Number of protein chains: 2
Amino acid sequence: MSLAGPLNGLLVLDLTRVLAGPYCTMVLADLGARVIKIETPGTGDDSRAYGPYINGKSAYFMSINRGKESLALDLKAPPDRAIFERLLERADILVENYRAGTMERLGYGFDTLHPRYPRLIYAACSGFGHTGPLHARPAYDMVVQGMGGVMSLTGHPGGPPTRVGTSIGDITAGLFTAIGVNAALYRRTLSGQGSKIDVGMLDCQLAILENALARHFATGEIPGPLGARHPTITPFQSFETRDGHIIIAAGNDALFQKLCAALDMANLATDPRFIGNQKRNQNVDALSQLMETRLKTGTTRAWLDILEPAGIPCGPINNVANVLAEPHVAARNMIVETKDPVAGSVHMAGNPIKLSDYADPHERAPAPELDANRAAILRELGL
Amino acid sequence: MSLAGPLNGLLVLDLTRVLAGPYCTMVLADLGARVIKIETPGTGDDSRAYGPYINGKSAYFMSINRGKESLALDLKAPPDRAIFERLLERADILVENYRAGTMERLGYGFDTLHPRYPRLIYAACSGFGHTGPLHARPAYDMVVQGMGGVMSLTGHPGGPPTRVGTSIGDITAGLFTAIGVNAALYRRTLSGQGSKIDVGMLDCQLAILENALARHFATGEIPGPLGARHPTITPFQSFETRDGHIIIAAGNDALFQKLCAALDMANLATDPRFIGNQKRNQNVDALSQLMETRLKTGTTRAWLDILEPAGIPCGPINNVANVLAEPHVAARNMIVETKDPVAGSVHMAGNPIKLSDYADPHERAPAPELDANRAAILRELGL
């Protein structure tokens with residue numbers, strides 16, 4: 001049973017593994033599409049083998065594949081190819097994250113499929129995309145985080161290389177692919193024709209560089225890591241408190257004035273070094289030192305209790321357990337639950353796209369066992 | 001002139017400022033929508049004041065607002081409200097990133113607009129979403145990076161807090177909003193009805209925690225930062241070389257075998273400590289040390305020349321200038337150009353969603369001056 005959502009009635013054939021592609025099809029499933037995961041017989045999605053496990057089932061796999069069905073097919077074996085082609089006749093969307101050329105070698109490249117299944121939308125989410133000199137090269141998240149520049153901006157000046165702590169190389173590619181699929185779906189309602197979406201993970205890293213790229217093109221500067229502060233907005237950073245840290249992000253002059261008042265540091269507001277964001281940014285070290293000296297006199301909680309009511313954007317640096325304890329997270333249904341027949345009750349992140357026309361149920365369908373839906377799918381196909 | 005794309009013919013009224021919302025509407029414009037940026041008279045989008053500037057025009061603003069039109073309206077003034085309402089009659093999509101409640105105070109909340117403009121899709125991209133205890137609170141990127149847990153995973157063990165070097169708090173929210181808008185557009189072709197999309201930046205941070213959340217729920221562990229390695233896949237990290245660093249991501253056993261061969265370290269492949277990802281992950285320090293001792297004997301370039309042909313996912317840690325020098329980036333048209341009447345030739349990141357049915361032009365329309373399109377828009381409305 002698909003979730004109620006705007007993509008109800010649509011069938012996605014999901015040939016993806018690990019994270020970028022499965023994240024895309026999770027988003028599609030969260031929006032109401034029916035997703036059939038086509039997996040390699042025997043092992044299935046690589047991420048089924050990524051620990052930790054709950055009763056032998058990968059927590060990671062479960063969290064990215066909830067609500068999908070599974071069918072194991074060997075796309076090199078004629079009987080399984082026949083099943084796959086029957087599914088293609090009914091499918092609206094195919095998503096794959098193989099290396100460029102793999103689908104062509106299987107005889108299922110877009111140029112072959114499009115004439116046979118003209119309404120099929122074909123989405124490829126690969127490391128480097130389907131064109132360009134690196135198209136055939138394999139990539140994982142960390143490779144594109146390194147090549148794409150985001151690691152050069154993350155960490156502390158002079159410090160060792162630092163990975164973004166979540167796989168944004170994969171996730172941004174999954175999100176851009178989902179956008180492309182949805183736009184192509186809209187277009188298909190007008191044109192009657194499916195199309196191909198080609199997303200490369202490295203390209204997506206370029207697409208998220210935002211002001212680092214703008215600064216480089218404007219000044220020739222090569223931006224480096226800045227620890228825990230914003231490169232061009234001040235104050236917009238982490239500060240030490242008596243018992244930890246606090247984030248304060250005063251993104252404009254009005255907020256800076258309010259902040260000075262709330263900190264009881266009216267002198268800062270009129271200090272010529274700190275008038276206007278440009279001056280504050282030039283004198284970030286002096287300003288940080290003055291603010292931090294003051295902030296160290298109280299605890300994070302005490303400062304939040306002063307700054308929040310004053311309307312200053314601020315917050316703690318939460319670890320995962322702290323985040324989950326925020327009542328807001330539960331109120332937004334951002335942790336959902338599956339009742340897995342193998343692993344029992346399993347919790348995972350919910351869908352951040354809240355839609356006025358659809359419920360956002362707390363309980364979701366679990367991730368499938370490998371090949372769990374074979375019998376039902378074959379029956380549906382009359383096989 | 002809108003760009004040719006799947007969203008051709010659609011009109012977006014864009015009430016957003018700074019990054020999350022403007023990033024969403026940039027993606028919509030890149031897909032062919034016409035985007036009219038409704039800005040505050042006098043100052044316009046806050047980010048017009050973010051340096052550095054090229055001939056007085058913000059490079060940052062230009063990079064996120066290319067191809068949009070600008071109309072300055074005071075939504076509290078009756079004559080401007082009349083113009084806005086005429087635009088609402090023609091609009092397909094409204095995107096705003098105000099704090100929850102702001103649009104309601106203006107009389108333009110979804111509940112008011114929907115009965116009057118039933119086909120209008122209303123997308124809100126706010127710090128905390130439109131429900132829940134924190135809904136009215138302001139947020140900027142760094143606040144949600146801190147609150148949402150990603151900063152607790154980024155950086156080095158025992159080291160100071162570390163921000164992700166790009167504004168993923170804003171960008172992921174912009175991407176999820178764009179997905180919601182597109183899915184709602186598809187639905188509207190069937191239902192005839194617009195709907196509301198409510199995306200909170202904090203929610204999006206939860207949605208990208210992936211394995212940190214899975215590990216926490218499976219084991220109770222509170223994941224911390226891991227420097228430059230993946231938490232559960234080994235080897236999947238940065239290593240020192242003779243002249244810098246290299247990323248190597250051998251995500252499965254077959255790749256690990258190939259890697260050992262390419263490094264001429266056959267002994268690693270048969271070492272019982274390193275058989276299977278789980279063992280390698282438990283013994284990550286020992287494995288890293290052995291590999292790094294070997295990798296330090298050569299330069300990054302020399303190792304890439306050995307590992308790339310062997311099919312090992314690997315890469316350099318590029319700074320922004322290095323990324324731009326990758327021939328692949330140009331081949332994928334990931335840097336596009338606008339010919340800005342004020343700033344001249346300005347370069348910026350391109351669109352990573354490559355579509356088979358549409359060209360991906362290198363030259364894009366520039367970002368507008370504040371209120372630049374007033375006369376043409378009023379003429380169009382017959383005003």
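Residues numbered from 1 in each chain as written. Chains lettered and ligands numbered in written order. Predicted model: local features only at pLDDT ≥ 70, side-chain atom pairs only at ≥ 80, totals over all residues.

Undergrad: Would you take a moment to explain the overall build of chain A for this structure?
TA: Looking only at helices and strands, chain A features 18 helices and 15 strands. Each principal axis of the C-alpha distribution contributes one length, and for chain A these read about 80 × 45 × 40 Å. With 383 residues in all, chain A has 57% of them scored as buried. When contacts within chain A are restricted to residue pairs at least 6 apart in sequence, those whose partners lie at least 24 apart make up 70%. (Helix = DSSP H or I, 4+ residues; strand = E, 2+ residues; numbered from the N terminus. Buried ≥ 20, exposed ≤ 12 C-beta atoms within 10 Å, placed from the backbone. Contact = placed C-beta atoms within 7 Å.)

Undergrad: Help me understand the packing of helix H1 (residues 20–30) of chain B against helix H8 (residues 168–191) of chain B, please; the structure alone is not making it clear to me.
TA: Helix packing geometry: the angle between the two helix axes and the distance between the axes. Residues and elements named next belong to chain B. Across the interface, H1 lies against H8 with an axial gap of 7 Å and an inter-helix angle of 45 degrees. Considering their axes alone, H1 and H8 lie oblique with respect to each other. With respect to the hand of their crossing, H1 and H8 are arranged in right-handed fashion. Listed contacts from H8 to Ala-20, Gly-21, Tyr-23, Cys-24, Val-27 and Leu-28 of H1 are Asp-170, Ile-171, Ala-173, Gly-174, Thr-177, Ala-178 and Val-181. Residues belonging to the contact of H1 with H8 are distributed by class as follows: 9 nonpolar, 3 polar and 1 charged. (Axes fitted to C-alpha atoms, helices over the stretch in contact; angles between N-to-C directions. Parallel < 35°, antiparallel > 145°, perpendicular 65-115°, else oblique. Left-handed = near helix turned anticlockwise from the far one by under 90°. Nonpolar A, V, L, I, M, F, W, Y, C, P; charged D, E, K, R; others polar.)

Undergrad: Could you clarify how one ought to interpret the pairing of strand S13 (residues 344–349) of chain A in this entry?
TA: Across a regular strand the side chains alternate sides, sitting on one face of the sheet and then on the other. Residue and element names in this part refer to chain A. Examined bridge by bridge, strand S12 (residues 335–340) and S13 share 6 bridges and lie antiparallel to one another. Each residue of the ladder has a partner; that of Val-336, found in S13, is Met-348. Taking the residues between adjacent antiparallel strands as the criterion, S12 and S13 are bridged by 3 residues. (Pairing = 2+ DSSP bridges.)

Undergrad: In this structure, what is going on with the packing of helix H8 (residues 168–191) of chain A against H8 of chain B? I would like to understand it.
TA: At a closest axis distance of 8 Å, the pairing of H8 of chain A and H8 of chain B adopts a crossing angle of 20 degrees. Classed by the angle they form, the pair H8 of chain A and H8 of chain B counts as roughly parallel. Between H8 of chain A and H8 of chain B lies a crossing whose hand is left-handed. In this structure, H8 of chain A uses Ile-168, Leu-175, Phe-176, Ala-178, Ile-179, Asn-182, Ala-183, Leu-185, Tyr-186 and Thr-189 of chain A to contact H8 of chain B, whose residues at the interface are Ile-168, Thr-172, Leu-175, Phe-176, Ala-178, Ile-179, Asn-182, Ala-183, Leu-185, Tyr-186 and Thr-189 of chain B.

Undergrad: Teacher, can you tell me more about the sheet that holds strand S15 (residues 363–364) of chain A here?
TA: Pairing between the strands of a sheet is mediated by backbone hydrogen bonds and can be parallel or antiparallel. Read across the sheet, 3 strands follow the order S13-S12-S15 (chain A) without closing on themselves; strand pairing throughout is mixed. Two strands close off the open sheet at either side, each with one partner strand: S13 and S15 of chain A.

Undergrad: Is there a simple way to think about unusual backbone geometry in this case?
TA: Glycine aside, the phi torsion of most residues is negative, and most peptide linkages are trans. Between Gly-51 of chain A and the following residue, Pro-52 of chain A, the backbone shows a cis peptide bond with an omega angle of -5 degrees. With respect to the helices, strands and loops of the structure, Pro-52 of chain A is situated in the loop between strand S2 (34–39) and strand S3 (53–54). Although it is not a glycine, Asp-371 of chain A adopts a positive phi angle of roughly 70 degrees. For Asp-371 of chain A, the position within the fold is in the loop between S15 and helix H18 (374–380). Of the residues examined, Asp-371 of chain A has 18 C-beta atoms within 10 Å and is grouped as partly exposed. You will see that Val-18 of chain B, though not glycine, has its phi angle at about 70 degrees, which is positive. Tracing the backbone through its elements, the reader meets Val-18 of chain B in the loop between strand S1 (11–14) and H1.

Undergrad: Explanation requested: the interface of chain A and chain B in the structure shown.
TA: Often, the extent of an interface is quoted as the loss of accessible area on bringing the components together. Contact residues are listed per partner, giving 131 residues for chain A and 132 residues for chain B. The element that contributes the greatest number of residues to the side of chain A that touches chain B is H8 of chain A, accounting for 14 residues. Here 2 bridges tie strand S14 (residues 354–355) of chain A to strand S8 (residues 196–200) of chain B, and the two strands are oriented antiparallel to one another. By the bridge assignment, Leu-355 of chain A is partnered in S8 of chain B with Ile-197 of chain B.

Undergrad: Explain the relation of the copies chain A and chain B here, please?
TA: Two chain copies, one operation linking them: a rotation about an axis together with a shift along it. Overlaying chain A with chain B gives an RMSD of 0.0 Å, the required rotation being 180 degrees about an axis along which the chain moves by 0.0 Å. Here the copies are linked by what is in effect a two-fold axis. Of the interface residues in chain A, 100% have counterparts in chain B that sit at the interface too, so the contact is made through matching surfaces. (Least-squares fit on C-alpha atoms with pLDDT ≥ 70 in both.)

Undergrad: Which parts of the structure should I look at to understand the domain arrangement of chain A?
TA: Domain annotation of chain A identifies domain 1 (11–208 + 330–380) and domain 2 (236–322). In this structure, domain 1 of chain A and domain 2 of chain A have C-alpha centres spaced 41 Å apart. (Domains from an automatic or database assignment.)

Undergrad: Explain the environment of Asp-357 of chain B here, please?
TA: Mapping Asp-357 of chain B onto the fold places it in the loop between strand S14 (354–355) and strand S15 (363–364). Each C-alpha atom, one on Asp-357 of chain B and one on Gly-200 of chain B, is 33 Å from the other, the two residues being 157 residues apart in sequence.

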